[in-house]
Amino acid sequence: MALLTDRNNLSLFERTELNNFKKQIERYLNFPLSICITDNMTSMIRVKREKGRVLLRIHWMFLKSEDEVKRAVAEFIAKRSKESIEILRRFIKGFPLPERKLRKAASSREKGKFVNLRQIFDEVNREYFAGRIKSQITFGRYIHKRRKSRFINLGYYREDIDTIYISTRLDRIGIPEVFIKFIVYHEMLHAMEKESETECCRRRRRHSKSFREKEKMFKEYFLVQKIKKKIIGML
C-alpha cells in the first residue's frame, strides 16, 4: 500500500491530501492499491495490474477533485466504464492549470537526431496557415496504443495544452520530409479547428468530410497517399 510520487516537492499539505485521496479510493474499491502522483500531462491516469498488485499513476490535479470524480476514478480502476471516463474527461478539461504547468507538458524535443520539427512546423505554418498556428510541437511517444498501421498514430494534437506530438519513429534516416510535413500539416489542421466536443465525440467527428477536403489541399497529398504504406512498413 505504497504512497509514491514523481514530484520531489510535495508539501506536507499535499502529502496529507494524497493520503486522504488514497484512503477514499480504497474505500470505494474495497481493496488496497499503490498510488503514484505525477505531473504527466500526456497520460493523466493509468492503471497497472501485476502479481496481484494494483498501481495507479494519476495526475496531482485529482487530489483536489470532488467526491463524484473520486468515485469515477475508482470505477475507472474497477471496470473502465463509459460513464467514469466521461466524468474524468470533463474534470480534466475544466481544471484550471497554470500556464507554466500547461507549457511543461510539451518537452523541448522540437529537434530530433535527424528531423527538426520546429523548422518543418514553421514552413508548413507559413505556407498553409499564414503563420496563425501558435501551438507547440514536440517528439513524443504514441498517444493511442493501436495498431501501428493506423496512420494517425504518427501524430496527435492535444487541444487542452495546444501541443502537437509527433512520433519519435519518424526521427530516422530514410523517412521523406514530405511525409513528415504531411503528418505535421494534419495535426495543425486539428489545431486550427479546435473542436469543442468532448473527446469521445471528437473522435467520431475529427476526421469529417470537411476535414478530409482540407487534407487534400496539401500540395503533395496524393504522393503521400502513394508512399505511406511503404513508409509505415518501415516503422
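Residues numbered from 1 in each chain as written. Predicted model: local features only at pLDDT ≥ 70, side-chain atom pairs only at ≥ 80, totals over all residues. Heavy atoms only, no water.

**Comments concerning the pairing of strand E7 (residues 163–167)**
Burial analysis of E7 places 5 of its 5 residues in the buried class, the great majority of the element. Bridge count for strand E5 (residues 136–140) against E7 is 5 bridges, and the pairing is parallel. Bridge pairing in E7 links Phe-139 to Ile-166. Between the antiparallel neighbours strand E6 (residues 155–158) and E7 lie 4 residues, among them Asp-162 with a positive phi of about 50°. (Buried < 20%, exposed > 50% of the residue type's maximum accessible area, 1.4 Å probe, protein only. Helix = DSSP H or I, 4+ residues; strand = E, 2+ residues; numbered from the N terminus. Pairing = 2+ DSSP bridges.)

**A word on the nonpolar core**
It is characteristic of soluble globular proteins that their nonpolar side chains tend to be buried jointly. Of all hydrophobic cores here, the largest spans 32 residues; its most connected members are Ile-166, Leu-170, Phe-179, Ile-180, Val-184 and Met-188. Of all elements in the fold, only helix H5 (117–129), E5, E7, helix H6 (177–193) and helix H9 (221–234) reach the threshold of two or more residues within this core. By residue number, the principal contributor to this core is H6, which donates 10 residues. Residues contacting Ile-166, with those up to four places away along its chain left out, are Leu-117, Ile-137, Thr-138, Phe-139, Gly-140, Leu-154, Gly-155, Ile-183 and Val-184. (Core = buried A, V, L, I, M, F, W, Y, C linked by side-chain atoms within 4.5 Å. Contact = heavy atoms within 4.5 Å.)

**Structural notes on the sheet that holds E7**
The 3 strands are arranged E5-E7-E6 in an open sheet whose pairing can be described as mixed. One side of each edge strand has no neighbouring strand; the edge strands of this open sheet are E5 and E6. Going across the sheet, the axis of each strand differs from the next one's by a mean of 25°, ignoring polarity. On the sheet, H5 packs against E5 and E7 and is oriented at approximately 140° with respect to E5. Packed on one face of the sheet, H6 meets E5, E6 and E7 and runs near 20° to E6. (Axes fitted to C-alpha atoms, helices over the stretch in contact; angles between N-to-C directions.)

**Digging into the confidence of the model for the protein chain**
Across the protein chain, pLDDT averages 79, with 77% of residues at or above 70. Mean pLDDT per element in the protein chain: helix H4 (residues 99–104) is the minimum at 45, and H5 is the maximum at 93. Under a pLDDT of 50 for its full length, residues 1–8 has, in the predicted model, 32 contacts with residues more than four places off or in other chains. (pLDDT = per-residue confidence, 0-100.)

**What to know about the pattern of salt bridges**
Enumeration according to the criterion identifies 9 salt bridges in this entry. For Arg-118, the salt bridge goes to Glu-110, with nearest N and O atoms at 3.1 Å. Glu-127 serves as the salt-bridge partner of Lys-219, at 2.9 Å between the closest nitrogen and oxygen. Taken together, the positions of Lys-219 in the loop between helix H8 (209–215) and H9 and Glu-127 in helix H5 put the pair 92 residues apart, joining distant regions of the chain. The class for Lys-219 is exposed, based on a relative accessible area of 61%. Taken together, the shared-partner salt bridges in this structure form one network comprising Lys-48, Glu-50 and Arg-53. (Salt bridge = Lys/Arg side-chain N within 4 Å of Asp/Glu carboxyl O.)

**Brief notes about the side chain of Asp-171**
Turning to its location among the elements, Asp-171 is positioned in the loop between E7 and H6. There is no salt bridge for the buried Asp-171, and the closest opposite charge comes from Arg-109, which lies 4.5 Å off by N-O distance. In this structure the side chain of Asp-171 is engaged in a polar contact, spanning 2.7 Å, whose partner is the backbone nitrogen of Lys-113. (Lys, Arg positive; Asp, Glu negative; His and termini not counted. Polar contact = N/O pair within 3.5 Å; in protein donor to acceptor, adjacent residues only side chain to side chain.)

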